[in-house]
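Here is how the chains run, residue by residue.
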Amino acid sequence: LLHLTNVSAAGIIAGIRLESSGTGNSAGDTIGQFEFEHNDANDAGVAASIKCTAEDEVGNVYLTFNTGNPGSVNEALRITSSGQLLIDTTVTTDAPASDAGDIIIGTTSDVQKGITIIGSTSNGIGNLYFSDGGGYNNQGRVSYHHVDDCLRFQANVAERMRINSSGQLLLGSTITPTSNKCSLQ
């Protein structure tokens, strides 16, 4: 059942609601979905969808984003009822621990998966930040600086280690050693 609403009293300007007419759902039941279909003469049909599915019998649901081509639409991304983000997988048990399962990419049958951060070749910096929400938003940081092709590691808001483009390791220093592979300070 499709509802188009305009209820300003509830703070909703406009909305679309898909409602399942059933009174009870079982795990795997589709609650609602949007399908994206085209009528291309060579390959007509549904090429993508967004789907809400019952996760269990007590009201938990997950959303899936499905892509491909007509006749072969596969799940690409899932958001579980607990907020986990699954990319190219439907399995949450492959995560190493409950505290490392917020974002899961791939499955144990994948040979290789990865994340790419792209930045400018001249002044780009790719970052991965660690924060506790306190006074600083970057207590810990791993960054790649394209201008000098170095990988930097920060702890307690300061750079503690650097690997430069020559492969030299600098610990507690940003000064490149003249003859050694490692500089300690």
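Residues numbered from 1 in each chain as written. Predicted model: local features only at pLDDT ≥ 70, side-chain atom pairs only at ≥ 80, totals over all residues. Heavy atoms only, no water.

J.: Looking at this structure, how should I read the packing of aromatic side chains?
T.: Aromatic ring pairs: the centre-centre distance and the angle between the two ring planes describe each pair. Enumeration according to the criterion identifies 0 aromatic pairs in this entry. Geometry around Tyr62 places Arg78 over its ring, the cationic atom sitting 3.9 Å from the centre. (Phe/Tyr/Trp six-rings, centres within 6.5 Å; stacked < 30°, edge-to-face > 60°. Lys NZ or Arg CZ within 6 Å of the ring centre and 35° of its normal.)

J.: So what exactly am I meant to see when it comes to the sheet that holds strand β4 (residues 45–54) here?
T.: Hydrogen bonds between backbone atoms are what pair the strands of a sheet, whose relative direction is either parallel or antiparallel. Across the sheet, 6 strands lie side by side as β3-β4-β5-β6-β7-β8; this open sheet has mixed pairing. Across the chains shown, the open sheet's two edge strands, defined by having one partner strand only, are β3 (30–38) and β8 (103–105). The average undirected angle you get between the axes of adjacent strands in this sheet is 20°. (Pairing = 2+ DSSP bridges. Helix = DSSP H or I, 4+ residues; strand = E, 2+ residues; numbered from the N terminus. Axes fitted to C-alpha atoms, helices over the stretch in contact; angles between N-to-C directions.)

J.: What exactly am I supposed to notice about the pattern of salt bridges here?
T.: Oppositely charged side chains can form a pair if their charged atoms are brought close together. Summed over all chains, the structure comprises 5 salt bridges. Its salt-bridge partner being Arg152, residue Asp148 comes within 3.3 Å of it at the nearest N-O pair. Judged by relative accessible area, Asp148 falls into the partly exposed class, the value being 31%. (Salt bridge = Lys/Arg side-chain N within 4 Å of Asp/Glu carboxyl O. Buried < 20%, exposed > 50% of the residue type's maximum accessible area, 1.4 Å probe, protein only.)

J.: Whenever I open this one, a nonpolar patch on the surface confuses me. Can you help?
T.: On the surface, a nonpolar cluster with roughly 370 Å² of combined accessible area is contributed by Ile16, Leu18, Phe34 and Phe36. Residue assignment for the nonpolar patch shows that the elements contributing at least two residues are β2 (15–18) and β3. Locating Phe36 in the fold gives a position in strand β3. Residue class for Phe36 comes out partly exposed when judged on its relative accessible area of 45%. (Patch = residues over 30% accessible without salt bridge, like charges linked within 9 Å, V, L, I, M, F, W, Y side chains within 5 Å. Areas by Shrake-Rupley, 256 points an atom, 1.4 Å probe, with all protein chains shown as cover.)

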